[in-house]
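If you want the building blocks of each chain, they are given just below.
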Amino acid sequence: MLKLLDKSREINGTQPNYQDKIFRYKLKNIYRIVLCTIIVLAVILLIKLQIENRVYKEVLVTEEKERVGTETSVYTPFGDKLLVYSKDGISAYTEKGEQIFNQTYEMQNPLVSVNDNYVAVGDYKGTQVYVLDSTGLKGEINTNMMIQSLDVSEGGVVTTVLDDGKVTWMHIYSQTGELITKIRATMKQTGYPLAYELSPDNIKLAVAYVSQGGTLDTKMAFYNFGDVGQNTGERLVSAENLAGEIVPFVAYPTAETSVALSGKKLYFFKGKQIPKLSTTVELQQEVKSVYYGENQVVLIYGNTESGDKYRLVTYDFAGKEKANRTFDMEYSSILVENDRIIIYNESEVLILNRRGEEKFYGSMGENVVALIPGNSQNRFLVVTNSDMKYVELK
């Protein structure tokens with residue numbers, strides 16, 4: 001009996017110790033996982049900072065090819081690919097110069113909108129629109145009314161402004177050409193849709209309607225084509241009146257953020273379903289150009305101080321200034337990526353990081369008509385008026 005009691009005490013005495021060992025073992029595993037995660041994140045951050053802060057001094061031409069297209073072709077980035085279009089057709093090429101698609105048409109004045117991996121092309125005052133992605137033709141649209149302007153979303157949905165001779169219409173089409181919805185616009189009731197863009201989730205549409213009473217005014221209107229907009233008139237879920245202002249630029253860089261620019265202010269609207277004005281930035285002078293990426297807006301001013309010709313100012317989507325610097329080169333185009341800004345003209349290239357610090361300044365060739373970033377930070381396809389060059393920065 002005593003032995004049984006002693007054995008029972010021994011068993012009862014070892015049980016807590018066994019549980020404690022299991023707890024310590026699990027805790028060690030958790031520590032190891034957390035430590036490994038921290039180390040991996042630290043390495044990723046370090047590599048990202050090294051890439052972002054790396055400065056390049058040399059340009060190495062790795063390959064040269066005959067230029068695609070014709071003398072009248074227009075060249076523009078298409079994701080990490082090259083898009084070439086003219087009055088006769090549109091085509092896309094890989095970074096290595098291999099043709100992906102070639103869509104022929106006949107247009108007098110082609111309007112082209114590119115958004116990520118989608119492109120829409122239609123004839124100004126015509127009725128035909130072609131929608132293409134990185135594999136080729138997705139669909140054709142026949143508007144039956146004269147096209148005034150068009151825009152393609154990140155998901156391939158096309159918004160058009162149409163004129164039937166009496167009324168202005170906004171028609172929205174799927175990438176395969178089906179009519180999704182339409183909005184009637186008149187100067188008396190709504191104003192003219194001067195600028196607009198569909199959100200990346202294809203649910204919300206931001207429109208800047210300009211109207212004239214005693215002054216030129218703008219109404220920023222937001223439509224929701226999802227469940228939230230079903231119970232509102234014409235799916236209009238919010239609006240903001242901007243008296244005495246003209247808004248020629250509207251963007252929808254993320255599903256929750258819309259940006260509008262007037263001659264006086266930069267506006268940020270926020271909302272997953274019902275966008276509302278969140279931040280306003282007062283502009284001190286006239287903006288010459290505006291560009292945007294996935295996390296920033298870039299404004300170009302004339303430099304009012306002595307020295308360089310232009311001033312570049314960037315803002316995040318909270319309206320906070322992130323970079324402010326001058327530069328002295330003329331520019332034909334500016335590319336905005338997540339962590340860098342690429343400014344170039346026919347003979348010069350200036351690359352800045354997100355803080356506005358210089359990563360590269362120099363020449364990648366003469367008579368440059370397009371610069372296409374490659375699949376790594378230091379690789380570019382350079383299209384000139386005579387050839388195409390593949391270059392690496394060192």
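Here, the structure is the one placed above.
Residues numbered from 1 in each chain as written. Predicted model: local features only at pLDDT ≥ 70, side-chain atom pairs only at ≥ 80, totals over all residues. Heavy atoms only, no water.

## Remarks on the side chain of K204
(1) Moving on: Relative to the elements of secondary structure, K204 occurs in strand β15 (residues 204-212).
(2) Moving on: K204 sits in the buried class, given a relative accessible area of 0%.
(3) Moving on: Within the structure, the side chain of K204 is placed 2.9 Å from the side chain of D201, a separation counted as a polar contact.
(4) Moving on: Among the polar contacts listed, one links the side chain of K204 to the backbone oxygen of A255, at a separation of 3.0 Å.
(5) Moving on: Beyond its immediate sequence surroundings of up to four residues, K204 is in contact with E197, L198, S199, Y223, N224, Y252, A255, G271, K272, Q273 and P275. (Helix = DSSP H or I, 4+ residues; strand = E, 2+ residues; numbered from the N terminus. Buried < 20%, exposed > 50% of the residue type's maximum accessible area, 1.4 Å probe, protein only. Polar contact = N/O pair within 3.5 Å; in protein donor to acceptor, adjacent residues only side chain to side chain. Contact = heavy atoms within 4.5 Å.)

## Details of the environment of T168
(1) Moving on: With respect to the element layout, T168 can be found in strand β12 (residues 168-173).
(2) Moving on: For the pair formed by T168 and Q108, sequence separation is 60 residues and the distance between their alpha carbons is 22 Å.
(3) Moving on: Apart from residues no more than four positions distant in its own chain, T168 is found in contact with V161, L162, I183, R184, A185, Y192 and P193.

## A few points about the pairing of β12
(1) Moving on: When you tally the buried positions in β12, you get six out of six residues, the bulk of the element.
(2) Moving on: Along β12, one buried face is formed by T168, M170 and I172 and the opposite face, lined by W169, H171 and Y173, is buried too.
(3) Moving on: Once strand β11 (residues 158-163) ends, the chain turns through four residues before running back antiparallel as β12, passing G165 with a positive phi of about 100°.
(4) Moving on: As paired strands, β12 and strand β13 (residues 179-185) are joined by six bridges and run antiparallel to one another. Note on β13: the bridge partner recorded for W169 is R184. (Pairing = 2+ DSSP bridges.)

## So, the side chain of K389
(1) Moving on: If you trace the backbone, K389 turns up in strand β32 (residues 387-393).
(2) Moving on: As a buried residue without a salt bridge, K389 has its nearest oppositely charged side chain in D387, at a separation of 4.6 Å.
(3) Moving on: Those residues in contact with K389, other than ones at most four positions away along the chain, are V61, E63, E64, M364, G365, F380, L381 and V382. (Lys, Arg positive; Asp, Glu negative; His and termini not counted. Salt bridge = Lys/Arg side-chain N within 4 Å of Asp/Glu carboxyl O.)

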